[in-house]
Protein chains: 2
Amino acid sequence: MDSLRLRILTDGKNLGNGILKVDSFLNHQVDPLLLNECGHELAARFAQVGATKVLTAEISGIAPALTTALHLGIPIVYARKSKPITMPDQVYLTLAPSHTRGGTVELIVSPEFLSGRERVLIIDDFLASGQTILGLARLARAAGATVVGVGAVIEKRFEGGRALLADLHVPIESLAILVDMSEGRIVFLEP
Amino acid sequence: MDSLRLRILTDGKNLGNGILKVDSFLNHQVDPLLLNECGHELAARFAQVGATKVLTAEISGIAPALTTALHLGIPIVYARKSKPITMPDQVYLTLAPSHTRGGTVELIVSPEFLSGRERVLIIDDFLASGQTILGLARLARAAGATVVGVGAVIEKRFEGGRALLADLHVPIESLAILVDMSEGRIVFLEP
């Protein structure tokens, strides 16, 4: 997606160690028009997979998942990282290693909103190590649901997530794919 | 907003102690079409205040803030509850008492995205005690910005938040106003 790549080059910052600072438009400040365009594009790429629900993880997955779901006309569920008091005692919970924060985070979904009949499209802001998305896929499968696709706004190809997710045997789509962030570079995969 | 009130009556659950469970469409599972309608309505109500930025708090404020900002065509900033590694060391931070979780939560905004020139519209999912919204207003004012309005999807009028926020001297708009949740009731303010 040209507008996204341009925005990353204009406003993104390579902080080193594979960390891309995009908090001016994606995950602290959010540009709703750009995110709406991302959602439109992801919805188009997954128009044929028959998704009934979009699944993401709080916090920064919510914006792209919401705009994708808006264009597909289906609900979104965001996995919580702590259990709110409104959630039943019996939940689906999995642990995912956290790349940016260290340690592990819990991903929790209420069984009220994931069932064996669902066809789940997983959407997140980043596809990097793939661990969060793999955790979401585990939650979906624990509920007996079928994962039908994985979409991300930005992929860091060099962190190996796409390879890790190959076992899911579903289409994986990213709107901007980074192949090199060494020595301050921001290099995209040629489209 | 009739569609929202109907949805609360249909799918919301009064769990007692003033707790309204709306996680089937607002804050775990999200209905993007309803949220888009909420955003459209909030944008219309604040069309004249000259907002340059929507400010909210993660997590459940993100969806209504994003759709409101989309219809206003301005950026959203969501205050973080913990500081990510991509944020500078010097930040705006305030503490807000947490009604649903107990204790206090930190609300953190990077000075990169709030400045003295901003006209800030605060949007959240709930206006209850008003403490989170008041915290967001403190952050905006710490940055020298002007708060120009407060909007919420659901207001629990009986928790007193609107009175607390009166000192801000800005318009306050809620799309569904609850006046009684005692003994299992869900009673709206007559429109």
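Residues numbered from 1 in each chain as written. Chains lettered and ligands numbered in written order. Predicted model: local features only at pLDDT ≥ 70, side-chain atom pairs only at ≥ 80, totals over all residues. Heavy atoms only, no water.

A. Examining the packing of aromatic side chains more closely. If you walk through the whole model with that rule in mind, you get zero aromatic pairs over all chains. Here the basic side chain of Lys156 of chain A rests over the ring of Phe126 of chain A, its NZ or CZ set 5.4 Å away from the ring centre. (Phe/Tyr/Trp six-rings, centres within 6.5 Å; stacked < 30°, edge-to-face > 60°. Lys NZ or Arg CZ within 6 Å of the ring centre and 35° of its normal.)

B. Structural context of the interface of chain A and chain B. Counting residues at the interface gives 43 residues for chain A and 43 residues for chain B. With both chains or domains summed, chain A and chain B bury close to 3,700 Å², and 64% of this area falls on carbon and sulfur atoms. Across the chain A-chain B interface, the total number found is two salt bridges. Between Lys21 of chain B and Glu112 of chain A there is a salt bridge whose closest N-O contact spans 3.0 Å. Linking chain A with chain B are 16 residue pairs in polar contact (both at pLDDT 80 or more). Counting only elements with at least two residues in the side of chain A that touches chain B, the list comes to strand 2 (20-21), strand 3 (29-30), helix 2 (32-45), helix 3 (62-72), strand 5 (76-79) and strand 7 (104-109) of chain A. Counting residues per element, the side of chain A that touches chain B draws most heavily on helix 3 of chain A, which supplies six residues. Looking at side-chain class alone, the side of chain A that touches chain B contains 25 nonpolar, 11 polar and seven charged residues. Pairing of strand 5 of chain A with strand 3 (residues 29-30) of chain B, which is carried by two bridges, proceeds in the antiparallel orientation. Bridge assignment links Val77 of chain A to a residue of strand 3 of chain B, and that residue is Gln29 of chain B. (Contact = heavy atoms within 4.5 Å. Buried area = accessible area lost by both parts, 1.4 Å probe. Salt bridge = Lys/Arg side-chain N within 4 Å of Asp/Glu carboxyl O. Polar contact = N/O pair within 3.5 Å; in protein donor to acceptor, adjacent residues only side chain to side chain. Helix = DSSP H or I, 4+ residues; strand = E, 2+ residues; numbered from the N terminus. Nonpolar A, V, L, I, M, F, W, Y, C, P; charged D, E, K, R; others polar. Pairing = 2+ DSSP bridges.)

C. Summary view of the sheet that holds strand 3 of chain B. Pairing in this open sheet of seven strands is mixed, and the strands run 11(A)-10(A)-9(A)-8(A)-4(A)-5(A)-3(B) from one edge to the other. One side of each edge strand has no neighbouring strand; the edge strands of this open sheet are strand 11 (187-188) of chain A together with strand 3 of chain B. Across the sheet, helix 1 (residues 2-11) of chain A is in contact with strand 9 (146-156), strand 10 (172-180) and strand 11 of chain A; its angle to strand 10 of chain A comes to roughly 35°. (Axes fitted to C-alpha atoms, helices over the stretch in contact; angles between N-to-C directions.)

D. The arrangement of the nonpolar core in detail. Core analysis: the largest hydrophobic core is formed by 73 residues, its most contacted members being Leu4, Ile8, Leu20 and Ile154 of chain A together with Leu4 and Ile154 of chain B. Those residues in contact with Ile154 of chain B, other than ones at most four positions away along the chain, are Ile8, Leu20, Val22, Leu26, Asp125, Phe126, Leu127, Ala176 and Leu178 of chain B. (Core = buried A, V, L, I, M, F, W, Y, C linked by side-chain atoms within 4.5 Å. Buried < 20%, exposed > 50% of the residue type's maximum accessible area, 1.4 Å probe, protein only.)

E. A look at helix 2 of chain A. Residues and elements named next belong to chain A. Here helix 2 contains 14 residues, and its C-alpha end-to-end distance of 20 Å stays within 8% of the 20 Å for a straight helix at 1.5 Å per residue. Turning to helix 2, its buried residues number three or more, namely Pro32, Leu34, Leu35, Cys38, Gly39, Leu42 and Ala43. Two or three places before Leu33, at the opening of helix 2, Asp31 has a side-chain oxygen 2.9 Å from that residue's backbone nitrogen. (Expected span 1.5 Å × (residues − 1).)

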